[in-house]
Amino acid sequence: MSAESDTLQQTIEQSLELLRRHLDWDTAKDRLAELNNRIEDPNLWDDAENAQKIMQERTGLANQIERVERLEQDCKENLDLIALAEQDNDMEIVQDALQQLQSMEKEVKRLELESLLSGEADRNDCYLEVNSGAGGTEAQDWAEMMLRMYTRWAEQHGYKVTMLESTEGEQAGIKSATLQISGINAYGWLKTEAGVHRLVRISPFDSAKRRHTSFASVWVYPVIDDSIDIEVNESDLKIDTYRASGAGGQHINKTESAIRITHVPTGIIVACQTDRSQHRNRATAMEMLKARLYELELKKREEEAAQTEANKTDIGWGHQIRSYVLAPYQLVKDLRTDVEKTNPDAVLDGDLDDFMAAALALRVGATRSEASAKAT
């Protein structure tokens, strides 16, 4: 076989071996068999909360094992195909199989990184907030473009997306919006996107066709479950009701069903208008507030462990993480990792994996370096 296929085979097999070690393969297979037996117990759902935890663990473990086994089988099949095609001198089939192996290489590298998502809340669903910066219509249009970008990324990865709140701009775009993104490791991946994003383009709102720079910020925090107890004193809350904006029918726009909660000690503000019921919106907003407070605590722990100013500004409004330049040239550059892409349209359509993987690898590397320094 060709040198390229040999290299791809070696890379894929090494990554799969690392994944097997991370899973503790034999133990994982035994645990899956045990969980499969437990979910067949007709009395399982007598304790609904425990049953849900078992089902969640079983689904996650089964998905991990199935992905490794599928990749191992696909790798073998493509290598066999290349060997046969080379004997027949059918280079078209060889190239197709090599492309499959190249795609597999990216996937196993992603899974290898994903296996390192071992933070306290990495596997959780998450809330993602987008807020426009200064600049009026320009920034609000940019915020809406970003909202679409993250929605597309989530849909491409099989995550469920729910719009919880959106405040429209005066002429175009949005002032702010909050999504709930549901799926395994949603928070682990998307937490790398928190920060300020900068857009440079020829303004569609400027008749003189001048270049404009716009900013929007992203805030990501995990959805927390009932096992995490966050105490919130009612006396610390300022609760406002207002009329929901946007789609939703006559009722949702004529009644003050939307809820905004301000946590006075921290200044955290959350809002929800997704439901016609004020009570349900309040319940969702309280869940969001608890999640923000939990994320704040996680951030404090991270800062204390890292002991660096860089980590302290990761999610700050003043910390720009990425530039999207649409004019005079085409470039998206992550300022933390130096990852670049020359196809902004693809990025704005959800092609964010390379940026996320590099940022995650950077965080993992920083954590490992800190641990090594402490060990020595």
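Quick look at the structure, then. Numbering of residues starts from 1 in every chain and runs along the sequence as written. Given that this is a predicted model, residues contribute local features only at a pLDDT of at least 70 and side-chain atom pairs are listed and counted only at 80 or more, while totals for whole chains, interfaces and linings are drawn from all residues. Heavy atoms throughout the structure, all of them, feed into the side-chain values; hydrogens and water do not.

A word on the sheet that holds strand β10 (residues 331–334). Taken together, 8 strands build an open sheet; the order of strands is β2-β3-β1-β5-β4-β9-β10-β11 and the sheet is mixed. Of all strands in the sheet, those with a lone pairing partner are β2 (160–168) and β11 (340–341), marking the two edges. Along the sheet, helix α5 (residues 137–156) makes contact with β1 (126–132), β2, β3 (174–182), β4 (195–202), β5 (211–222) and β9 (320–325), crossing β5 at roughly 45°. Here a strand pair is declared whenever DSSP counts at least two bridges between the two strands. Under the DSSP-based scheme used, a helix requires at least four consecutive residues in state H or I and a strand at least two consecutive residues in state E, with every element numbered from the N terminus. Throughout, a contact is declared for two residues whenever any of their heavy atoms are within 4.5 Å. Between N-to-C directions, angles span 0 to 180 degrees; the directions come from axes that are lines fitted to C-alpha atoms, helices contributing only their stretch in contact.

Taken in spatial order, the 3 strands line up as β6-β7-β8 in an open sheet, and their pairing is antiparallel. Across the chains shown, the open sheet's two edge strands, defined by having one partner strand only, are β6 (237–242) and β8 (268–272). Averaged over all pairs of adjacent strands, the angle between their axes in this sheet comes to 15°, without regard to strand direction. Of the strand pairs in this sheet, strand β7 (residues 258–263) and β8 are connected by 5 bridges, and their pairing is antiparallel. Bridging from a neighbouring strand, I259 pairs with C272 of β8.

Okay, unusual backbone geometry next. Both trends apply: most residues other than glycine have a negative phi, and most peptide bonds are in trans. Across the junction of A327 and P328, the peptide omega takes the value 10°, indicating a cis bond. For P328, the location among the structural elements is in the loop between β9 and β10. Residue N185 is not a glycine yet carries a positive backbone phi of 70°. Mapping N185 onto the fold places it in the loop between β3 and α6 (186–190). Three labels apply to residues, based on accessible area from a 1.4 Å probe with only protein chains included: buried if under 20% of the type maximum, exposed if over 50%, partly exposed otherwise in between. On the basis of relative accessibility, which here comes to 4%, the residue N185 falls in the buried class. Even without being glycine, K209 reaches a positive phi, approximately 55°. Among the structural elements, K209 can be located in the loop between β4 and β5. When its relative accessible area of 54% is taken as the criterion, K209 is described as exposed.

Relative orientation of the contacting elements helix α2 (residues 25–39) and helix α3 (residues 48–87) amounts to 135°, with a least axis distance of 9 Å. Compared by their axis directions, α2 and α3 come out oblique. Here the hand of the crossing between α2 and α3 comes out left-handed. Across the interface between the two elements, W25, A28, K29, R31, L32, L35, N36, R38 and I39 of α2 pack against N50, I54, M55, E57, R58, L61, A62, I65, V68 and E69 of α3. Any angle between 65 and 115 degrees counts as roughly perpendicular, while under 35 counts as roughly parallel, over 145 as roughly antiparallel, and the rest as oblique. For any helix crossing, the convention is left-handed if the near helix is rotated counterclockwise from the far helix by under a right angle, and right-handed if that rotation is clockwise.

Here we take up the side chain of E165. Relative to the elements of secondary structure, E165 occurs in strand β2. Counting rule for charge: Lys and Arg are taken as positive, Asp and Glu as negative, and neither His nor the chain ends is counted. For this document, the term salt bridge refers to a Lys or Arg side-chain nitrogen within 4 Å of an Asp or Glu carboxyl oxygen. Among buried charged residues, E165 stands out as having no salt bridge; its nearest opposite-charge side chain is R260, 6.5 Å away. Two N or O atoms count as a polar contact when they lie within 3.5 Å, although within protein this holds only if one can serve as hydrogen donor and the other as acceptor, and sequence-adjacent residues are included solely when both atoms are side-chain atoms. Within the structure, the side chain of E165 is placed 2.7 Å from the side chain of T167, a separation counted as a polar contact. Setting aside anything within four residues of it in sequence, one finds E165 in contact with S176, A177, T178, Y242, A271, C272 and Q273.

We now examine the environment of E256. Along the chain, the position of E256 falls in the loop between α7 (249–254) and β7. When its relative accessible area of 44% is taken as the criterion, E256 is described as partly exposed. A sequence separation of 13 residues divides E256 from R243, and the C-alpha atoms of the two residues are 4.2 Å apart. Among residues more than four places away in sequence, those in contact with E256 are T241, Y242, R243 and Q278.

For the rest of this paragraph, the subject is the nonpolar core. By size, the foremost hydrophobic cluster in this structure holds 57 residues, and its most contacted members are I181, W189, L190 and L289. Among residues more than four places away in sequence, those in contact with I181 are D125, C126, L128, A154, Y159, K160, A186 and L190. Only buried residues count toward a nonpolar core, which is a set of Ala, Val, Leu, Ile, Met, Phe, Trp, Tyr and Cys residues joined through side-chain atoms within 4.5 Å. Among the nonpolar cores identified, the runner-up in size contains 28 residues, and L16, L23, L98 and L111 belong to it.

Let's shift gears to the packing of aromatic side chains. Stacked, tilted and edge-to-face pairs are distinguished by plane angle, under 30 degrees for stacked and over 60 for edge-to-face with tilted covering the rest, among Phe, Tyr and Trp rings (Trp via its six-membered ring) whose centres lie within 6.5 Å. For the coordinates displayed, the defined rule picks out 3 aromatic pairs. When the centroid spacing of 5.2 Å and the interplanar angle of 40° are considered together, the rings of Y127 and Y221 count as tilted. Separated by 94 residues along the polypeptide, Y127 in strand β1 and Y221 in strand β5 bring together distant segments of the chain. For the residue pair Y127 and Y221, the accessibility class agrees, reading buried in each case. The rule is short: NZ of Lys or CZ of Arg within 6 Å of the ring centre and within 35 degrees of the ring normal puts a charge over the ring. Across from the ring centre of Y221, 5.1 Å away, lies the NZ or CZ of R292, which sits over that ring. The residue whose ring lies beneath R322 is F355, and the NZ or CZ to ring-centre distance is 4.5 Å.

Here α3 spans 58 Å end to end across 40 residues, near enough to the 58 Å set by a 1.5 Å rise per residue. Looking one or two residues beyond α3, the residue adopting positive phi is N89, at roughly 60°. Expected span of a helix, by definition, is 1.5 Å for each gap between consecutive residues, and there is one gap fewer than residues.

Turning our eyes to something else, we now look at the environment of D275. You can see D275 is positioned in the loop between β8 and α8 (278–306). Given the relative accessible area of 23%, D275 is considered partly exposed. Measuring from C-alpha to C-alpha, the distance between D275 and L164 comes to 8.5 Å, with 111 residues separating the pair along the chain. Within the structure, D275 has its side chain in polar contact with the side chain of R280 (distance 3.1 Å).

A few words now on α5. Three- or four-residue spacings in an α-helix give side chains the same orientation, since the helix completes a turn every 3.6 residues. Between its first and last C-alpha, α5 extends 29 Å over 20 residues, near the 28 Å set by a 1.5 Å rise per residue. Directly after α5, the chain includes G158, whose backbone phi takes a positive value near 75°.

Attention shifts here to the pattern of salt bridges. In this structure the tally under the stated criterion is 27 salt bridges. Salt-bridge contacts for R31 lead to E34; the nearest nitrogen and oxygen are separated by 2.9 Å. Of this pair, R31 and E34 both sit in helix α2, 3 residues apart, roughly one helical turn. With a relative accessible area of 24%, R31 lands in the partly exposed category. The class for E34 is partly exposed, based on a relative accessible area of 37%. In this structure, D275 engages R280 in a salt bridge whose closest nitrogen and oxygen atoms are separated by 3.1 Å. Bridged by salt links that share partners, the residues R148, R152, E155 and D349 form one connected network.

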